[in-house]
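Single-letter residue listing:
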Amino acid sequence: DGFGVDYQLTGGVPAPATFYTPATCFPWAAGPTQGLEYVARPISYGTGTGPVIGTGGGQSVLPNPAFTVTLTGAPPGGLAFLVYGTGAACPPFTFLGNPWLVTPWFGPLGPFPVPASGSITLPAPLPPPGGPLACGLSVYMQWLCRAPSLVWTVSQGLEFTTSIP
């Protein structure tokens, strides 16, 4: 009716405060339910071992020239690599004792030197519709970080799906 909008699970039970699961993967029994609204914001999944992946510059709509991929909590003086792909590893693989959350994966992008702040922001402009990224494409990402002591850590996974505003 446009006046009483809220999140509800099947059967009309109110949904929890976060409407997604931060678990590594979540099995779907069926497709989307009629009446749910889609918001093009990235969703974290899985667990990392220190660094944190994020985005900035708004939602993953086509076009969005201000979209960025961020890293915080990385080891200062180390190197960071961004792995991206089209799916989530379920269950995750192990990479030098760390959870690897993206498969199949492309890249990695980098290495990017980590400054003293431990933070990196990569410009990732999203092109107009009809460009090189298809509308509805889901992209999965994870940072791999190597400290100066050669110890590896990873971020949690992050998924975003491109859409039209």
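**Considering unusual backbone geometry**
- At the junction of leucine 62 and proline 63, the peptide bond is cis and its omega measures out at -5° in the coordinates.
- Topologically, proline 63 is positioned in the loop between β2 (52-56) and β3 (68-72).
- In the segment running from threonine 103 into proline 104, the intervening peptide bond is cis, with an omega of -15°.
- Position of proline 104 relative to the elements: it lies in the loop between β6 (98-102) and β7 (105-113).
- Notably, leucine 96 is not glycine yet its phi reads approximately 50°, a positive angle.
- In this structure, leucine 150 is a non-glycine residue whose phi angle is positive, near 70°.
- Among the structural elements, leucine 150 can be located in the loop between β9 (138-146) and β10 (152-154).

**Quick look at the pairing of strand β11 (residues 157-161)**
- Taken across its 5 residues, β11 has 5 buried, putting it largely inside the fold.
- In terms of strand pairing, strand β1 (residues 43-45) meets β11 through 3 bridges, oriented antiparallel. Opposite serine 44, over in β11, you have leucine 158 as the bridge partner.
- Here 4 bridges tie β9 to β11, and the two strands are oriented antiparallel to one another. If you follow tyrosine 140 over to β11, its bridge partner there is glutamate 159.

**Focus: a nonpolar patch on the surface**
- The grouping of Tyr84, Phe106 and Leu109 at the surface amounts to a nonpolar patch, some 250 Å² of accessible area in total.
- Topologically, phenylalanine 106 is positioned in strand β7.
- What makes phenylalanine 106 partly exposed here is its relative accessible area of 40%.

**Re the nonpolar core**
- Residues Ile53, Leu71, Ala80, Leu82, Ile120, Met141 and Trp143 are the most contacted members of the largest nonpolar core, which totals 18 residues.
- Counting residues per element, the ones that place at least two in this core are β3, β4 (79-85), β8 (120-123), β9 and β11.
- Ranked by residues supplied to this core, first place goes to β9 with 4 residues.
- Phe81, Leu101, Val102 and Val154 belong to the second largest nonpolar core, which has 10 residues in total.

About the thresholds
Residues numbered from 1 in each chain as written. Predicted model: local features only at pLDDT ≥ 70, side-chain atom pairs only at ≥ 80, totals over all residues. Heavy atoms only, no water. Helix = DSSP H or I, 4+ residues; strand = E, 2+ residues; numbered from the N terminus. Buried < 20%, exposed > 50% of the residue type's maximum accessible area, 1.4 Å probe, protein only. Pairing = 2+ DSSP bridges. Patch = residues over 30% accessible without salt bridge, like charges linked within 9 Å, V, L, I, M, F, W, Y side chains within 5 Å. Areas by Shrake-Rupley, 256 points an atom, 1.4 Å probe, with all protein chains shown as cover. Salt bridge = Lys/Arg side-chain N within 4 Å of Asp/Glu carboxyl O. Core = buried A, V, L, I, M, F, W, Y, C linked by side-chain atoms within 4.5 Å.

Shape is all these values report; function is a separate question.
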